[in-house]
Amino acid sequence: MKYKVLKILKWTVISLLGLFTLISLLLFFNKDKICSAAIDELNTHLKVPVQISEVELTFWSTFPSVSIDFKNVFIRDPYPNSSNLDTLLSVDELSFSFNPIDIWNEDYQVKSIKVSNGSLQLKVNENGANNYDIYKASTNSGNEQPLNLHLNSILFSKVRFSYKNSQNKQLYQTTLRTFVLKGDFNQKNYKLGLAGELLLNNLKSGNVSLINNKEVSIDCFVNVDRVEDKISIPKSIVNISEMPFHISGDILKDNYQLSVKANDLKFKQLIESFNHQLINDASKLKANGDVFFDLSIKGDTVKTNAPEVACDFGIKNASLIDPLKKTNISNLNITGNYSNSNKKRE
């Protein structure tokens, strides 16, 4: 019995080694062909040229997938008269992953993309022209394309992301520490999973800075409708500085509406999340009580108008003690609201 087990184990190891050797040989003899196909595919689908310093093909470090690694990838803004200082994408590495069996069939189906160490800067200028509409359909028909995108995941690692709209004065800046998008991207309608950790550097509307330098944790999904150009966000929990916020809304081609609510925040947790430059020794304050928060944002994506912002907020049964100044506030109940519109909230 022991001899049979050893014999089976022996032939299993030999078979695996033979398979790995075959794949390695296929990679070695087809490396240039695969890398060339990948670069051609990128340029086929993009309206602006891509600058790449080198391309590597790896298997052992990405087992069981094969990965095409583009090094030092740069795409500049497609705006007229733009220079290499005007960046859309600049990353140390952009990787395409596919099944090694595709090498034998010479039909490379890219299943996932990884973007590592760099920046992605989306912009809309004063005239409403954006710098990210660079995708174009391939002129190839049928199955003639040597490399096809059949994505089910995109991974961002240490990528600085920003969106600046000079028309309606919106600015979003964040650092994606580790962030994954998962879904069947080739479908017209699909669920898109969002999961990861990020640092929300700046969230600004007009001259109002809404959030600065807050840690954010996300694990939820949105519904994508490519036919209607619509993204629906079902009620989901997003943790900001370890505080749970309920977010929902819709994002369409021409407009959007978002709702952010929090009913179970602790006053102490909110105080501790304040910027210490604004409130000295904030961490030493002792606080109790609950905070509620109900924010609504509605806006147009194609007009210069600032979005409509309305917010109800308050503190219930709270107390605040400053041990340094020996002062305290008790039985604190506050309600307030803010709106930049004359319209009444529904």
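Computed from a prediction, not measured in an experiment: that's the story for all the values here.

**Some thoughts on the side chain of Ser232**
Turning to step 1, where the next piece is worked out: For Ser232, the location among the structural elements is in strand β9 (residues 230-240).
Turning to step 2, where the next piece is worked out: The residues contacting Ser232, other than those within four sequence positions of it, are Val222, Asn223, Gly249 and Asp250.

**Some thoughts on the pattern of salt bridges**
Turning to step 1, where the next piece is worked out: For the coordinates displayed, the defined rule picks out 6 salt bridges.
Turning to step 2, where the next piece is worked out: Between Arg177 and Glu215 there is a salt bridge, with the nearest N and O atoms lying 2.7 Å from each other. Of this pair, Arg177 sits in strand β6 (residues 170-182) while Glu215 is found in strand β8 (residues 208-225), placing the two residues 38 residues apart along the sequence.
Turning to step 3, where the next piece is worked out: On the accessibility criterion, Glu215 (39% relative accessible area) is partly exposed.
Turning to step 4, where the next piece is worked out: For Lys266, the salt bridge identified is with Asp290, shortest N-O distance 3.0 Å. Highlighted residues: Lys266 in strand β11 (residues 255-266) and Asp290 in strand β12 (residues 286-300), separated in sequence by 24 residues.
Turning to step 5, where the next piece is worked out: Using a relative accessible area of 28% as the deciding quantity, one classes Asp290 as partly exposed.
Turning to step 6, where the next piece is worked out: The network of salt bridges with common partners includes Glu56, Lys71 and Glu93.

**Observations regarding the environment of Ser65**
Turning to step 1, where the next piece is worked out: Relative to the helices and strands, Ser65 is located in the loop between β1 (54-58) and β2 (66-76).
Turning to step 2, where the next piece is worked out: Along the primary structure Ser65 and Lys111 are separated by 46 residues, whereas in three dimensions their C-alpha atoms are 9.5 Å apart.

**As for unusual backbone geometry**
Turning to step 1, where the next piece is worked out: Even without being glycine, Asn72 reaches a positive phi, approximately 50 degrees.
Turning to step 2, where the next piece is worked out: With respect to the helices, strands and loops of the structure, Asn72 is situated in strand β2.
Turning to step 3, where the next piece is worked out: Located in the positive-phi region is Asn213, a residue other than glycine, with phi close to 50 degrees.
Turning to step 4, where the next piece is worked out: Structurally, Asn213 can be placed in strand β8.

**Structural notes on the packing of aromatic side chains**
Turning to step 1, where the next piece is worked out: On inspection of all chains with the given rule, the structure shows 4 aromatic pairs.
Turning to step 2, where the next piece is worked out: Summarising the aromatic geometry, the rings of Phe70 and Phe96 are spaced 5.3 Å apart at their centres and angled 75 degrees between planes, so their arrangement reads as edge-to-face. Of the two residues, Phe70 is situated in strand β2 and Phe96 in strand β3 (residues 87-98); the sequence distance between them amounts to 26 residues.
Turning to step 3, where the next piece is worked out: Centre to centre, the rings of Phe245 and Phe293 are 6.0 Å apart; their planes meet at 85 degrees, and the pair counts as edge-to-face. Here Phe293 lies in strand β12 and Phe245 lies in strand β10 (residues 243-252), a separation of 48 residues in the sequence.
Turning to step 4, where the next piece is worked out: Residue class for Phe293 comes out partly exposed when judged on its relative accessible area of 25%.

Quick notes on the rules
Just so you know, the residues in each chain are numbered from 1, in the order the chain's sequence is written. In keeping with the predicted nature of the model, local features appear solely for residues at pLDDT of at least 70, side-chain atom pairs appear and are counted solely at 80 or more, and the whole-chain, interface and lining totals rest on all residues. With hydrogens and water excluded, all non-hydrogen atoms of the structure serve as input to the side-chain values. For the purposes of this entry, the term helix denotes a DSSP run of H or I that reaches at least four residues, the term strand denotes a run of E that reaches at least two, and both are numbered from the N terminus. We call two residues in contact when some of their heavy atoms are within 4.5 Å. Whenever Lys or Arg places a side-chain nitrogen within 4 Å of a carboxyl oxygen from Asp or Glu, that contact is recorded as a salt bridge. When a residue's accessible area, from a 1.4 Å probe over protein chains only, is under 20% of the maximum for its type it is buried; when over 50% it is exposed; and in between it is partly exposed. Stacked, edge-to-face and tilted labels apply to pairs of Phe, Tyr and Trp rings (six-membered ring for Trp) whose centres lie within 6.5 Å, assigned for plane angles under 30 degrees, over 60, and everything in between, in that order.

Function cannot be read off these values alone, since they describe shape.
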